[in-house]
Amino acid sequence: MTPTSMDALIREADAALAALLSRTDATPDGPVAPGWDGGARVADVLAHLHGWHGLLLVWLDAEARGATPAFPADGYGWDRLADLNAALVAAHAHRPYAEVRALLAASHLEVIAALRGIDETSVFDPVARPWLGDQSLGDVAHECLGAHYAWGEGVLGTEGASSE
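Only a predicted model underlies this, so the values are computations on that prediction, with no experimental measurement involved.

1. Some words on the overall build of the protein
Each helix and strand in the protein was counted, giving seven helices and zero strands. Taken from N to C terminus, the helices and strands of the protein fall in the order α-α-α-α-α-α-α. Taking 15 Å as the expected radius of gyration for a compact globule of 164 residues, we find that the protein reaches 15 Å, a close match to that expectation. Expressed along its principal axes, the backbone C-alpha trace of the protein runs to roughly 40 × 35 × 25 Å. For the protein, the proportion of its 164 residues judged to be buried stands at 45%. Long-range contacts, defined here as pairs at least 24 residues apart, represent 70% of the contacts in the protein between residues at least 6 apart. Averaging the locations of the 9 positively and 23 negatively charged side chains of the protein gives two centres separated by 5 Å.

2. Re helix H2 (residues 42-64)
Note that an α-helix has 3.6 residues per turn; residues three or four places apart therefore point the same way. In this model H2 runs 34 Å from its N-terminal to its C-terminal C-alpha over 23 residues, within 8% of the 33 Å that 1.5 Å per residue would give. Judged by how many residues are buried, H2 sits mostly within the fold: 17 of 23 residues are covered.

3. Quick notes on the packing of aromatic side chains
Applying the stated rule across the entire model yields seven aromatic pairs. Here the aromatic rings of tryptophan 36 and tryptophan 151 are separated by 5.7 Å at their centres, their planes lie at 80°, and the arrangement is edge-to-face. Taken together, the residues tryptophan 36 in the loop between helix H1 (6-26) and H2 and tryptophan 151 in helix H7 (residues 146-155) connect sequence positions 115 residues apart. By relative accessible area, which is 4% here, tryptophan 36 ends up buried. When its relative accessible area of 11% is taken as the criterion, tryptophan 151 is described as buried.

4. Description of the nonpolar core
With 46 residues, the main nonpolar core has Trp59, Leu115 and Tyr149 as its most contacted residues. In terms of residue count, the dominant contributor to this core is H2 (eleven residues). Residue contacts for tryptophan 59: discarding those within four places in its chain leaves Trp52, Pro69, Ala70, Phe71, Pro72, Trp131, Val140 and Cys144.

5. Side note on the packing of H2 against helix H3 (residues 81-90)
Two elements in contact, H2 and H3, have axes whose closest approach is 8 Å; the angle formed by their N-to-C orientations is 105°. Classed by the angle they form, the pair H2 and H3 counts as roughly perpendicular. Listed contacts from H3 to Asp44, Ala47, His48, Gly51, Trp52 and Leu55 of H2 are Leu81, Leu84, Asn85, Leu88 and Val89. Of the residues in the contact of H2 with H3, the class split is seven nonpolar, three polar and one charged.

6. Some remarks on the pattern of salt bridges
Tallying each qualifying case throughout the model produces seven salt bridges. With a shortest N-O distance of 3.1 Å, aspartate 61 and arginine 65 are connected by a salt bridge. When its relative accessible area of 40% is taken as the criterion, aspartate 61 is described as partly exposed. A salt bridge links arginine 80 to aspartate 83; its shortest N-O distance comes to 3.0 Å.

Conventions and cut-offs
- Residues numbered from 1 in each chain as written.
- Predicted model: local features only at pLDDT ≥ 70, side-chain atom pairs only at ≥ 80, totals over all residues.
- Heavy atoms only, no water.
- Helix = DSSP H or I, 4+ residues; strand = E, 2+ residues; numbered from the N terminus.
- Rg over C-alpha atoms; globule rule 2.2 N^0.38 Å.
- Buried < 20%, exposed > 50% of the residue type's maximum accessible area, 1.4 Å probe, protein only.
- Contact = heavy atoms within 4.5 Å.
- Lys, Arg positive; Asp, Glu negative; His and termini not counted.
- Charge placed at Lys NZ, Arg CZ, Asp CG, Glu CD.
- Expected span 1.5 Å × (residues − 1).
- Phe/Tyr/Trp six-rings, centres within 6.5 Å; stacked < 30°, edge-to-face > 60°.
- Core = buried A, V, L, I, M, F, W, Y, C linked by side-chain atoms within 4.5 Å.
- Axes fitted to C-alpha atoms, helices over the stretch in contact; angles between N-to-C directions.
- Parallel < 35°, antiparallel > 145°, perpendicular 65-115°, else oblique.
- Nonpolar A, V, L, I, M, F, W, Y, C, P; charged D, E, K, R; others polar.
- Salt bridge = Lys/Arg side-chain N within 4 Å of Asp/Glu carboxyl O.

Listed below in structure tokens is the structure:
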């Protein structure tokens, strides 16, 4: 369920990221569930998450410039989500775990700072951003932050993993 305030959204995101990184730091070369086709390394899971942070920042930047963001991304529709996810991971496939981890931690802070700069009422208003359909920015931010980190934990290991 999406938090309904900025503080709750950020608190949940921070806690979920800390839990995820605690787990990945303990086993940076651990297994990735075979049900996820986004890569074979723990670093690939973190690269995927970092990539979605980048998309969220691009959307917010476009909106700030008065443009309609490409949602989910330039050249990709929701029907090509697997291709988009593969491109996000491929952009960092050459990077070691520690480097991808640092990118994720930094982009998490960038997203939090960007969200804090937006009027909170509009963040949780599902009609404030027509480019998001019937979702609020809070819903989308939650999916790119706390909910996505929880998903990332599910992709680690071989038990109970889901696919995206």
